[in-house]
Amino acid sequence: HFKTAEEAIAALKSGQVAAVMAQQSELEAGLNGNKAFALSPPPLPLLNIRQWALGVGVKAEHEDLAKALQKAMNELTAEGKVAGIFAQYGVQYRAP
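Residues numbered from 1 in each chain as written. Predicted model: local features only at pLDDT ≥ 70, side-chain atom pairs only at ≥ 80, totals over all residues. Heavy atoms only, no water.

**Some points on the overall build of the protein**
Phase 1: Each helix and strand counted, the protein has four helices and zero strands in total.
Phase 2: Along the chain direction, N to C, the helices and strands of the protein fall in the order α-α-α-α.
Phase 3: Within the span of the protein, comprising 96 residues, buried residues form 10% of the whole.
Phase 4: Pairs at least 24 residues apart make up 34% of the contacts formed inside the protein by residues separated by at least 6 positions.
Phase 5: On the protein, roughly 7,900 Å² of surface is accessible, and the fraction owed to carbon and sulfur atoms is 57%. (Helix = DSSP H or I, 4+ residues; strand = E, 2+ residues; numbered from the N terminus. Buried < 20%, exposed > 50% of the residue type's maximum accessible area, 1.4 Å probe, protein only. Contact = heavy atoms within 4.5 Å. Areas by Shrake-Rupley, 256 points an atom, 1.4 Å probe, with all protein chains shown as cover.)

**Topic: unusual backbone geometry**
Phase 1: Even without being glycine, N32 reaches a positive phi, approximately 45 degrees.
Phase 2: Inspection of the secondary structure assignment puts N32 in the loop between α2 (24–31) and α3 (63–78).
Phase 3: On the accessibility criterion, N32 (58% relative accessible area) is exposed.

**Some remarks on the pattern of salt bridges**
Phase 1: For the structure on display, the rule yields four salt bridges.
Phase 2: A salt bridge links R94 to E28, with the shortest nitrogen-to-oxygen separation between them at 2.5 Å. Within this pair, whereas R94 is found in the segment after α4 (81–88), its partner E28 is found in helix α2, the two being separated by 66 residues in sequence.
Phase 3: Here E75 makes a salt bridge to K71, at a shortest N to O gap of 2.7 Å. Of this pair, E75 and K71 both sit in helix α3, four residues apart, which is roughly one turn of that helix.
Phase 4: According to the relative accessible area criterion, E75 is partly exposed, its value standing at 37%.
Phase 5: For K71, a relative accessible area of 52% gives the class exposed. (Salt bridge = Lys/Arg side-chain N within 4 Å of Asp/Glu carboxyl O.)

**A few points about the side chain of E28**
Phase 1: Accessibility expressed as a relative area gives 9% for E28, which makes it buried.
Phase 2: A distance of 2.7 Å separates a polar side-chain atom of E28 from the backbone nitrogen of Q92.
Phase 3: Apart from the residues lying within four places of it in its own chain, the contact partners of E28 are G33, L39, G90, V91, Q92 and R94. (Polar contact = N/O pair within 3.5 Å; in protein donor to acceptor, adjacent residues only side chain to side chain.)

**Some points on α3**
Phase 1: If you check α3, its first and last C-alpha atoms are 22 Å apart, about what 16 residues at 1.5 Å a residue would give, namely 22 Å.
Phase 2: Positive backbone phi, at 85 degrees, marks G80, one or two positions downstream of α3. (Expected span 1.5 Å × (residues − 1).)

**Some points on α2**
Phase 1: Residues L27, E28 and L31 constitute the buried set of α2. In an axial view of α2, the angular spread of the buried residues amounts to 100 degrees, which keeps them on one side of the axis.
Phase 2: Elements that come into contact with the buried residues of α2 comprise α1 (5–14).
Phase 3: Taken from the residues just after α2, N32 is the one with a positive phi, measuring 45 degrees. (Arc of directions from axis to C-beta.)

What follows is the structure, given as structure tokens:
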């Protein structure tokens, strides 16, 4: 077992292990498009697989700030800028 996905991916790349199960974004970023490794959903039908939405924590008393941040994130997403940021790290953006 490895403490981090990064360590597990390094072990996969070096041939120390044959497979790694981690969050898809960690695998995409760690493998950085290396065609020697295939990414696929784990063969575990009972595993609860969900996509992660982007999130921002704002104190309840700052509702105006929360609304402004939501508006800005919606605009950045619509303009493709969020997908661009993901792409810079070798991760495919998947809308929630």
